[in-house]
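Chains, contacts and geometry: an overview
Next come the chains, spelled out residue by residue.
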Amino acid sequence: MYGPAAVVQAPQGNAGPTAMNTTNWSDSLGPSSVLPPIELDRPPTDNSGPGRTQRIAWRRQALLLAAVIGCLTVFMLARAMANNPHIAAEWRTTASGHLELADTPLLTLKPFVGRELDAVVLPDGELLPFGVLTISHSARWITDDSVRRDLVKVRLATAQSLEAGQVTLRFRDGAQVELKPRPRGYGSLGAMFWLMSAFAMVLFLVGWIVPLVQPQLRNLLYAVMAHAQAAQLLLAAVASVPALALPSLMVLRESSVHAVLEAVTGAAIVHAASLHPARLKGRWLIAAAAWAATLAYALPSLSGTLTQDWWWGQSLLLGDGLVCIALLSWSHRNEPHPFAVVMRRFCVVTVATLALLTLAVSMRPHLPAEVQPVASVGPVIWGVFFASVVLLVPFISRSQNVMREFAMLAGISTIATSVDLLFVAVFSFSQFTSLTLSLFLALGAYAAIRQWLVSQMMGARALTTERMFQHLYRIAREVEARPERAADRMIELLRNVFEPLETHRSAGRAQQSRIAGNGAVLQVPLPNLTDNPTVDGMVSLRFAERGKRLFTQEDARLADRVLEQLMRALAHDRAVERGRSEERTRIAQDLHDDIGARLLTLMYKSQSKEMEEYVRHTLQDLKTLTRGLAAKHHPLALAAAEWKTDITTRLEAVRCELEWHAHFDQEVTLSMIQWSSLTRILRELVSNVISHSKASHVRIECRLHNGRFSFELADDGVGREPAKWSHGLGLGGIRKRVKLLNGTVRWQERDPVGTLCSVDIPQLVRPD
């Protein structure tokens, strides 16, 4: 079982060699959810032009013809049922298991209201007992062959009497009445007939849309499933019409046709599972075995020569379900695909529901007579549930809430009916008690595990707000630090949120994220965050949660909201940074104008050469500080040059030689915090050399490799035993600033003299 495929076309424009094919949505025949599996390795093709227009027009005409055929079929069926002979009467089941005439507009039947029906009298005088099971028209779920044959005999005789224009009813008190049936008319068909017919019509049209979008074997197999279940629904619609008997043409083989249609659906499911999502080895042998088993069952069943017909049919359908589960597991193990996981969940739920219903119906002979008509309700709901699952398959990756809820309610109703029958058969509860218990259990289970069912069957995942914002703001910080790699960081954010198996970037433009490949692919537009908010290509994510689920429209909306929040976070950070930059510029200007002017005056008025030199160095330090505060960008190479110049000037004043080495594998820009911290660390280390070590030679070596920054400062001074040094404001300030950069610092002795200070910052910049 799988979704339909659609025609894919390459995007026009400057798409690169890795560009992903996208679908032309405006020309799609089916609903927007009927989308193709994306083929990344297929070369671009030009589907534009008159040829493509003619293909689209032909398919639309074929779909229109199918719609006309479907409407005519429903109309002709309704007309046949409206013209079918009918006895206008309402019947109810008594506590003894008989039929009682509840109401009738017929004057000849009015005197018999409240009496129990006993039999139908044939023209030759033979009496055919007419019980509560006889009026339940479908014999599909009658387990005993002899009981089924007797019921078919009574129904056929009743139908022939109605069609002959006269029927005789005998009541349990011995009274008889002859009635002349009249056509029922459209108004007596009942609401259930029209609802089931409309459902069958929808399923019939979807079965045509899928292969018309793209004629492939797997899509044709889906059409077989859909049309078989549409026929099932039409049979159920006819059986829902209130009457003493169905038309005689339907009575003879109605149960066999039901069973064969379900067997055909099961064989198509097995065949499809061997082809999609992965083509399995031996798939033709598997398909041949499935169709051969169906044919071996269908021929004797339709001819009426098969014994234990019901058990063979149920075993075949359950076997097809188990084989489908095994094939989907095999497929996912060979080639992980979320569609295999999702469809396996649906198969498990469907097979479990069918097994429970089979168990409950098999206990029908042990039920009281008045409860047995309830056993016919479960199979009807099962038919609706099975058809709903088939109809849901093409839309499995979409948020089709109505259809999803409808399928779950039908499944819960089937389980509730099965539990009701089991309560009566196993625990000998009364009908009211068992019905009340099963109803409360079913509604309680539905309310309690509904969200879990949606999560397990559809593969939806609740993404915690904490987790999403954790990734969001981490990526925002990295984008702010490296705006040229904004697209890569956004792709990484999408990977963290959706955990796809594969990610491909391509050219193209779109306003919003969209689903492709029947949920296998999520295509997200990437806004350009460095220059302007225009779209800068697309990213395609394949197979959510490492191939465990399909993408949904909720995922597309989530992707748009995540990128929107990322852009807002970046805009907020940029606004905050602009405010900080303006404040730093103001402080730098005030320091330059006020403190700088006072120091300059003090230098000119100094009483000694030493004081003048000290004030000059202080002015130089202030100039370096204000320039750093006012600068918007701090390239590492420029900062290193300033450090070297400043350190050289200071060491020359004490006649100390500087040996400087710098090795950077990339050009990076330091943040204000990084520049300020590194500048003060170096300044304090050099101040310690000048003040305490009495060194004549200082060697400084700076390195940047794969984002890791380190430097070493070695001197030949008198400093020894660094472990015993007191950690005052100087050394304590160095440790705090290094820790602020998530780095480490250590001092050690050098042989024969001097000390060595090593500073290591593992991630000064994020590696590419």
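To be clear, the structure that these remarks concern was listed above.
For the structure given in this document, a descriptive report is provided here. (Residues numbered from 1 in each chain as written. Predicted model: local features only at pLDDT ≥ 70, side-chain atom pairs only at ≥ 80, totals over all residues. Heavy atoms only, no water.)

**Brief notes about the overall build of the chain**
Secondary structure assignment for the chain yields 20 helices and 19 strands. Relative to its full complement of 768 residues, the chain shows a buried share of 50%. For the chain, long-range pairs separated by at least 24 residues make up 72% of all intrachain contacts whose partners lie at least 6 apart in sequence. (Helix = DSSP H or I, 4+ residues; strand = E, 2+ residues; numbered from the N terminus. Buried < 20%, exposed > 50% of the residue type's maximum accessible area, 1.4 Å probe, protein only. Contact = heavy atoms within 4.5 Å.)

**What about the sheet that holds strand 19 (residues 755-761)?**
The five strands lie next to each other as 14-16-17-19-18, forming an open sheet whose pairing is mixed. Whereas interior strands pair on both sides, the edge strands pair on one side only; in this sheet they are strand 14 (657-664) and strand 18 (744-749). Each strand axis lies, on average, 10° off the axis of its neighbour in the sheet, ignoring direction. Pairing geometry for strand 18 and strand 19, over six bridges, is antiparallel. Within strand 19, the position partnered with W747 by the bridge is C757. Contacts from helix 18 (residues 636-653) reach strand 14, strand 16 (697-705) and strand 17 (708-715) within the one sheet, and its direction differs from that of strand 14 by about 175°. Each of strand 16, strand 17, strand 18 and strand 19 touches helix 19 (residues 672-693); the most contacted strand, strand 17, lies at about 10° to it. (Pairing = 2+ DSSP bridges. Axes fitted to C-alpha atoms, helices over the stretch in contact; angles between N-to-C directions.)

**Here we look at the environment of K110**
With respect to the helices and strands, the residue K110 is situated in the loop between strand 3 (99-103) and strand 4 (116-121). Taking relative accessible area as the criterion, K110 reaches 42% and is therefore assigned partly exposed. For the pair K110 and A89, spaced 21 residues apart in the sequence, the C-alpha separation amounts to 9.6 Å. Beyond its immediate sequence surroundings of up to four residues, K110 is in contact with D103, T104 and P105. In terms of polar contacts, K110 uses its side chain to reach the backbone carbonyl oxygen of T104, at 3.1 Å. (Polar contact = N/O pair within 3.5 Å; in protein donor to acceptor, adjacent residues only side chain to side chain.)

**Let's talk about the packing of helix 4 (residues 217-239) against helix 6 (residues 254-275)**
The contact between helix 4 and helix 6 brings their axes to 9 Å, and the two run at 160°. Judged by the angle between their axes, helix 4 and helix 6 are roughly antiparallel. In this structure, helix 4 crosses over helix 6, and the sense of that crossing is left-handed. Counting all contacts with helix 4, which are made through L217, L221, V224, M225, A228, Q229, A231, Q232, L235 and A236, the residues of helix 6 involved are V257, H258, L261, E262, V264, T265, A268, I269, H271, A272 and L275. Tallied by class, the residues present in the contact of helix 4 with helix 6 amount to 15 nonpolar, five polar and one charged. (Parallel < 35°, antiparallel > 145°, perpendicular 65-115°, else oblique. Left-handed = near helix turned anticlockwise from the far one by under 90°. Nonpolar A, V, L, I, M, F, W, Y, C, P; charged D, E, K, R; others polar.)

**With respect to the environment of R79**
If you trace the backbone, R79 turns up in helix 1 (residues 50-83). For the pair R79 and G185, spaced 106 residues apart in the sequence, the C-alpha separation amounts to 8.2 Å.

**With respect to the pairing of strand 3**
Judged from the four bridges that link them, strand 2 (residues 90-93) and strand 3 form a sheet pairing that is antiparallel. Residue pairing across strands places E90 opposite D103, the latter belonging to strand 3. Summarising the sheet, strand 3 and strand 4 pair through two bridges and their orientation is antiparallel. Opposite E100, over in strand 4, you have E116 as the bridge partner.

**Overview of the nonpolar core**
If you look at the biggest cluster of nonpolar residues, it comprises 71 residues, and the most contacted ones within it are F193, L203, Y222 and W382. Core analysis: the next-biggest nonpolar cluster, separate from the first, contains 38 residues, V689, F709, I734 and V738 among them. (Core = buried A, V, L, I, M, F, W, Y, C linked by side-chain atoms within 4.5 Å.)

**Considering the environment of T93**
Locating T93 in the fold gives a position in strand 2. What makes T93 partly exposed here is its relative accessible area of 38%. For the pair T93 and G131, spaced 38 residues apart in sequence, the C-alpha separation works out to 9.2 Å.

**Points about the packing of helix 7 (residues 283-303) against helix 8 (residues 309-334)**
Across the interface, helix 7 lies against helix 8 with an axial gap of 11 Å and an inter-helix angle of 170°. As the angle between them shows, helix 7 and helix 8 are arranged roughly antiparallel. Residues I286, A293, T294, Y297 and S301 of helix 7 touch helix 8, and the partners they reach there are D309, W312, G313, L316, L327 and W330.

**Some remarks on the pattern of salt bridges**
All chains considered together, the criterion is met by twelve salt bridges. Between D118 and R172 there is a salt bridge, with the nearest N and O atoms lying 3.9 Å from each other. Taken together, the positions of D118 in strand 4 and R172 in the loop between strand 6 (167-171) and strand 7 (176-179) put the pair 54 residues apart, joining distant regions of the chain. Connected through shared salt-bridge partners, E659, R699, E701 and R703 make up one network. (Salt bridge = Lys/Arg side-chain N within 4 Å of Asp/Glu carboxyl O.)

**Section: the packing of aromatic side chains**
Within this structure, the stated rule accounts for eight aromatic pairs. Pairing W310 with W311 gives two aromatic rings, centres 4.8 Å apart and planes at 80°, and the pair type is edge-to-face. Judged by its relative accessible area of 2%, W310 falls in the buried class. Judged by relative accessible area, which is 36%, W311 ranks as partly exposed. Between W382 and F385 the ring centres are 5.9 Å apart and the planes differ by 55°, which places this aromatic pair in the tilted class. (Phe/Tyr/Trp six-rings, centres within 6.5 Å; stacked < 30°, edge-to-face > 60°.)

**Here's the deal with the side chain of S513**
Inspection of the secondary structure puts S513 in the loop between strand 9 (502-506) and strand 10 (514-516). For S513, the side chain forms a polar contact with the side chain of D560, separated by 2.6 Å. Excluding anything up to four places from it in sequence, S513 contacts L522, Q523, V524, P525, A556, A559 and D560.

**Structural notes on helix 19**
Taking 1.5 Å per residue as the helical rise, helix 19 with its 22 residues ought to reach 32 Å, and the 31 Å between its terminal C-alpha atoms agrees with that figure. Immediately downstream of helix 19, the backbone of K694 shows phi near 55°, a positive value. (Expected span 1.5 Å × (residues − 1).)

**So, helix 18**
In this model helix 18 runs 26 Å from its N-terminal to its C-terminal C-alpha over 18 residues, within 8% of the 26 Å that 1.5 Å per residue would give. Along helix 18, the positions that sit buried rather than exposed are L636, A639, A640, W643, D646, I647, R650 and L651. Down the axis of helix 18, the buried side of the element spans an arc of 135°, and every buried residue falls inside it. Helix 18 presents T645 and E652 as exposed residues on the side facing more than 90 degrees away from its buried surface. (Arc of directions from axis to C-beta.)

The values are spatial; any link to function lies outside them.
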